[in-house]
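So the chains spell out like this:
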Amino acid sequence: MNSLKYIMFFIVLALVYSCEKDNYDAPSAELFGTFIDAETNEPVQSEIVQGAVIQIIEHGWVSGQTNITQTLVVKHDGTYRNSMIFPGEYKISAVQGNFQPIAPIDTFKIKGSTKLDFSVTPYLRIKDASIVRNGNIVTATFKVEKTTGDNIARIGLFSHPNIAVGTNTSLVMSESTADLNSDPDKIHTLQIDLNNPNFIAGRSYYFRIGALSSASGARFNYAPAINITI
């Protein structure tokens, strides 16, 4: 009986100690912003799956240690927001992007609602984009502008019920790797046939143009998605 009392005493003591140990303030700050094309001043379209991410490392989270990394995902429209961040000073890096590499910010203070936009140069720009439906055929026409000496590796027209459609989130796609670099003013054409069992009549789908640079580590660049009801 005495042994049981001792066991219960230590259990209660451990619970009280744990409550005191975990009694920290909840995250009360947020970080948000947009990836903006330095030339056009427009948001740089991305994709959520295997797209651009932001890495933040809080200085002094552990005494003498600054390698606790948090990851913020960039949305399809080039914006991001995380409302569960502890106030403090952080090192901030934008990585895995579809833009030319940018230097990390070694020290950035986050307090309350903090805005941080990134001015970047996308590897590729989708120009004069048009997506139209004619009968059961959806046709995309566009040009691709390069910002580096790297070739255009691939172009695509992607479709999905979700607006974040892209090469990694696509129900039906049409892609090409042929004759992409011979003429910088070439108008590219891609088509998707709606007579496909993956499409359901009466439902709406998003169609989005993308292009991939051959630059090392590059991700797809995109035009805004267009909604079409089948």
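Above this note sits the structure.
Keep in mind that this is a model prediction, so the values were computed, not measured.

Reading guide: rules and limits
- Residues numbered from 1 in each chain as written.
- Predicted model: local features only at pLDDT ≥ 70, side-chain atom pairs only at ≥ 80, totals over all residues.
- Heavy atoms only, no water.
- Pairing = 2+ DSSP bridges.
- Helix = DSSP H or I, 4+ residues; strand = E, 2+ residues; numbered from the N terminus.
- Axes fitted to C-alpha atoms, helices over the stretch in contact; angles between N-to-C directions.
- 1 Å grid on protein atoms, 1.4 Å probe; cavity = no way out; pocket = protein on both sides within 12 Å on 5 of 7 lines; lining within 4 Å.
- Points joined across faces, edges and corners; volume = space filled by probe spheres on them.
- Nonpolar A, V, L, I, M, F, W, Y, C, P; charged D, E, K, R; others polar.
- Core = buried A, V, L, I, M, F, W, Y, C linked by side-chain atoms within 4.5 Å.
- Buried < 20%, exposed > 50% of the residue type's maximum accessible area, 1.4 Å probe, protein only.
- Contact = heavy atoms within 4.5 Å.
- Salt bridge = Lys/Arg side-chain N within 4 Å of Asp/Glu carboxyl O.

Visitor: Please clarify how the sheet that holds strand 2 (residues 53–58) should be interpreted in this entry.
Guide: By definition, the strands of a sheet pair up through backbone hydrogen bonds, in either a parallel or an antiparallel sense. With respect to topology, four strands assemble into an open sheet ordered 3-2-5-6, the strand pairing being antiparallel. Each having just a single partner strand, strand 3 (69–73) and strand 6 (105–110) make up the two edges of the open sheet. Averaged over all adjacent pairs, the angle separating strand axes in this sheet is 35°, with direction ignored. Pairing of strand 5 (residues 88–95) with strand 6 involves four bridges; the strand directions are antiparallel. Each residue of the ladder has a partner; that of E89, found in strand 6, is K109.

Visitor: Where do I start with empty space enclosed by the protein in this structure?
Guide: To find the voids left in a structure, one rolls a probe of water-molecule size over its atoms. Applying the stated criterion across every chain, the model contains one cavity of 30 Å³ or more. Taken together, S46, E47, Q50, G51, A52, N98, R219, F220 and Y222 make up the lining of the largest cavity. Among the residues making up the lining of the largest cavity, the classes are represented as three nonpolar, four polar and two charged.

Visitor: Before we go on, may I ask you to explain the nonpolar core in this structure?
Guide: Soluble globular proteins tend to bury their nonpolar side chains together. In this structure, L157 and F207 are the most contacted members of the largest nonpolar core, which totals 26 residues. Of all the secondary-structure elements, those providing two or more residues to this core are strand 9 (124–134), strand 10 (137–146), strand 11 (152–160), strand 13 (188–193) and strand 14 (204–213). Among residues more than four places away in sequence, those in contact with L157 are I131, V138, A140, V172, M173, S174, L190, Q191, I192, F207, R208 and I209. One finds I56, A94, F108 and L116 within the second-largest nonpolar core, a separate group that totals 20 residues.

Visitor: Please explain the sheet that holds strand 10 as it appears in this structure.
Guide: Ordered in space as 9-10-13, the three strands form an open sheet in which the pairing is antiparallel. The sheet is open, and its two borders are formed by strand 9 and strand 13, each paired with just one other strand. Ignoring which end each strand starts from, the neighbouring axes of this sheet average 20° apart. Here nine bridges tie strand 9 to strand 10, and the two strands are oriented antiparallel to one another. Its bridge partner being in strand 10, R133 is matched across the sheet by V138.

Visitor: Explanation requested: the layout of surface pockets in the structure shown.
Guide: If you add up the space inside the largest pocket, you get close to 280 Å³. When contributions to the lining of the largest pocket are tallied by element, the ones reaching two or more residues are strand 9 and strand 15 (221–222). For the lining of the largest pocket, a count of residues per class yields nine nonpolar, three polar and four charged.

Visitor: Even after reading the chapter, I still don't get the pattern of salt bridges, so can you show me in this structure?
Guide: When their charged atoms lie close together, side chains carrying opposite charge are able to pair. Tallied over the entire structure, the rule returns eight salt bridges. For K115, the salt bridge goes to D117, with nearest N and O atoms at 3.7 Å. Residue classification places D117 among the partly exposed residues on the basis of a relative accessible area of 33%. Where D179 meets K186, a salt bridge forms, and the shortest distance between an N and an O atom there is 3.0 Å. Classification of K186 as partly exposed rests on a relative accessible area of 26%. Put simply, D37, E39, R125 and E145 are held in one network by salt bridges that share partners.

Visitor: What is the right way to look at the side chain of N98 in this model?
Guide: Summarising the element assignment, N98 is placed in the loop between strand 5 and strand 6. Its relative accessible area of 2% is what places N98 among the buried residues. The contacts of N98, once residues within four sequence positions are left out, are V44, Q45, S46, P122, Y123, R219, F220 and N221.

Remember that the coordinates give geometry; whether it matters functionally is a separate question.
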